[in-house]
Amino acid sequence: MIEILQWSTLAVCVLVAAARVPSALRRENRSLFYLFALIALAILLSIEAPYVAIDSALGGVNAANLILRFVIFAAIFFVGIRITKGFDAPDGYRLITGPVGMAALGLVSVTVVAVFLMMDTAGSSAGMAAVAGKDGRNAVLAEYYGAAGRAYPAYVSLVLLPTMCRACRSSLPALVRLAALLLAIGSVAVGLTLLFPLIPREIGSVQFVVNYTAVLCFVVGLALIWVARVRYGGKVSPRQTSTEK
């Protein structure tokens, strides 16, 4: 069941990224293609078989997991920029790109690298499950590593949530409001990842459901905004809507 969810999510991400290729080749909004490609890469590195193959080529010390963390950081950073700009949310934009946001990104990045270097990371394992199971010290460090890796995406997602809620209640086109609803659900799902340490091991599969719900909501939500821009001639932001009235 989990593998079906993983591969299905990867397929959706690849299809959406592929749909952006013609526009990217025409140099039209190429950043959106790169964003979808980053998300697809993150999903690929989350799946056991490709993860082990890639990490083995990198030395078998779970360097692929460290790469995955920074791919996720980059993806959520650019998602935040696109959403706050697209929905005319300057406060949210400043919280992501300003001193507070940059400090959060820098602190989390340093923590992730530091904890990674403190662990015995030998032995490729998606999610670093084998690393955590080596001994008590590694298990504790793996918990800290995971928590640090979830902190920055949760920060950005919680910054985006008020903007998405406002968009859902706005007079924007229905397609855009649906996109905002999906992005809001994705933001809540990412925020819920902070509670992962409280989930009993017996129902640990809930973590996969939350993670991939977040990814699908973000990817489909962004894709709907793109479709809406094509359909409505780019007039999908709150500022544009108010100007038309």
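Residues numbered from 1 in each chain as written. Predicted model: local features only at pLDDT ≥ 70, side-chain atom pairs only at ≥ 80, totals over all residues. Heavy atoms only, no water.

K.L.:
Looking at this structure, I do not really get the overall build of the protein chain. What am I missing?
P.N.:
Counting its regular elements, the protein chain contains twelve helices and zero strands. Sequence-ordered secondary structure for the protein chain, helices as α and strands as β, is α-α-α-α-α-α-α-α-α-α-α-α. Radius of gyration (C-alpha) of the protein chain: 19 Å, near the 18 Å computed for a compact globule of 245 residues. The proportion of buried residues among the 245 residues of the protein chain is 44%. Residue pairs at least 24 apart in sequence account for 72% of intrachain contacts in the protein chain once pairs closer than 6 positions are excluded. A total of about 12100 Å² of accessible surface is found on the protein chain, and carbon and sulfur atoms cover 69% of it. Here the protein chain holds 20 positive side-chain charges and 11 negative ones, and the gap between their average locations is 15 Å. (Helix = DSSP H or I, 4+ residues; strand = E, 2+ residues; numbered from the N terminus. Rg over C-alpha atoms; globule rule 2.2 N^0.38 Å. Buried < 20%, exposed > 50% of the residue type's maximum accessible area, 1.4 Å probe, protein only. Contact = heavy atoms within 4.5 Å. Areas by Shrake-Rupley, 256 points an atom, 1.4 Å probe, with all protein chains shown as cover. Lys, Arg positive; Asp, Glu negative; His and termini not counted. Charge placed at Lys NZ, Arg CZ, Asp CG, Glu CD.)

K.L.:
Even after reading the chapter, I still don't get the layout of surface pockets, so can you show me in this structure?
P.N.:
Empty space among the atoms becomes visible once a probe the size of a water molecule is rolled across them. The volume enclosed by the largest pocket comes to roughly 1600 Å³. Lining the largest pocket are 44 residues, with Arg69, Arg150, Phe196, Gln207 and Asn211 positioned closest to its centre. Of all the secondary-structure elements, those providing two or more residues to the lining of the largest pocket are α3 (30-44), α4 (48-57), α5 (63-86), α8 (129-132), α9 (136-168) and α11 (205-231). When its residues are assigned to classes, the lining of the largest pocket shows 29 nonpolar, ten polar and five charged. In this model, the second largest pocket occupies a volume close to 200 Å³. At the level of elements, α5 and α11 are the ones that each hand at least two residues to the lining of the second largest pocket. When the residues that make up the lining of the second largest pocket are grouped by side-chain class, the tally is nine nonpolar, two polar and two charged. (1 Å grid on protein atoms, 1.4 Å probe; cavity = no way out; pocket = protein on both sides within 12 Å on 5 of 7 lines; lining within 4 Å. Points joined across faces, edges and corners; volume = space filled by probe spheres on them. Nonpolar A, V, L, I, M, F, W, Y, C, P; charged D, E, K, R; others polar.)

K.L.:
For this particular structure, what's the right way to read the side chain of Ser187?
P.N.:
Structurally, the position occupied by Ser187 is in helix α10 (residues 174-192). A relative accessible area of 0% means that Ser187 is categorised as buried. Apart from residues no more than four positions distant in its own chain, Ser187 is found in contact with Ser157, Leu160, Leu161 and Phe218.

K.L.:
Any chance you could explain the pattern of salt bridges here in plain terms?
P.N.:
Pairing between side chains of opposite charge can happen when the charged atoms of each approach one another. Within this structure, the stated rule accounts for two salt bridges. Here Asp91 and Arg94 are joined by a salt bridge, their closest N and O atoms 2.3 Å apart. A residue pair is termed a helical-turn pair when its members lie 3 or 4 positions apart in one helix, as Asp91 and Arg94 do in helix α6 (residues 90-97) at three residues. Residue Lys134 pairs with Asp120 through a salt bridge whose shortest N-O separation is 3.2 Å. Here Asp120 lies in the loop between α7 (99-118) and α8 and Lys134 lies in the loop between α8 and α9, a separation of 14 residues in the sequence. (Salt bridge = Lys/Arg side-chain N within 4 Å of Asp/Glu carboxyl O.)

K.L.:
Hey, could you run me through α10 in this one?
P.N.:
An α-helical turn contains 3.6 residues, so a residue and the one three or four places further along point in the same direction. The first and last C-alpha atoms of α10 sit 27 Å apart over 19 residues, in line with the 27 Å expected at 1.5 Å per residue. Those residues of α10 lying buried are Leu175, Val176, Ala179, Ala180, Leu182, Leu183, Ala184, Gly186, Ser187, Ala189, Val190 and Gly191. Tucked into the core, α10 has its buried residues touching α5, α9 and α11. (Expected span 1.5 Å × (residues − 1).)

K.L.:
Explanation requested: the packing of aromatic side chains in the structure shown.
P.N.:
When we look at a pair of aromatic rings, we describe it by the centre distance and by the angle of the planes. On inspection of all chains with the given rule, the structure shows six aromatic pairs. With a centroid separation of 5.7 Å and 75° between ring planes, the pair formed by Phe73 and Tyr152 is classed as edge-to-face. Of this pair, Phe73 sits in helix α5 while Tyr152 sits in helix α9, and the two are 79 residues apart along the sequence. The exposure class assigned to Tyr152 is buried, which follows from its relative accessible area of 1%. When the ring centre of Trp226 is taken as origin, the NZ or CZ atom of Arg20, which lies over that ring, is 4.6 Å away. (Phe/Tyr/Trp six-rings, centres within 6.5 Å; stacked < 30°, edge-to-face > 60°. Lys NZ or Arg CZ within 6 Å of the ring centre and 35° of its normal.)

K.L.:
Looking at this structure, how should I read the state of the cysteines?
P.N.:
As used here, a disulfide is simply a covalent bond connecting the sulfur atoms of two cysteines. The tally for this structure, following the rule as stated, stands at zero disulfides. This cysteine, Cys165, is not joined by any disulfide, and Cys168 carries the nearest cysteine sulfur, 6.2 Å off. You can see Cys217 has no disulfide; the closest cysteine sulfur is in Cys168, sitting 11 Å from it. On the accessibility criterion, Cys217 (10% relative accessible area) is buried. (Disulfide = S-S within 2.5 Å.)

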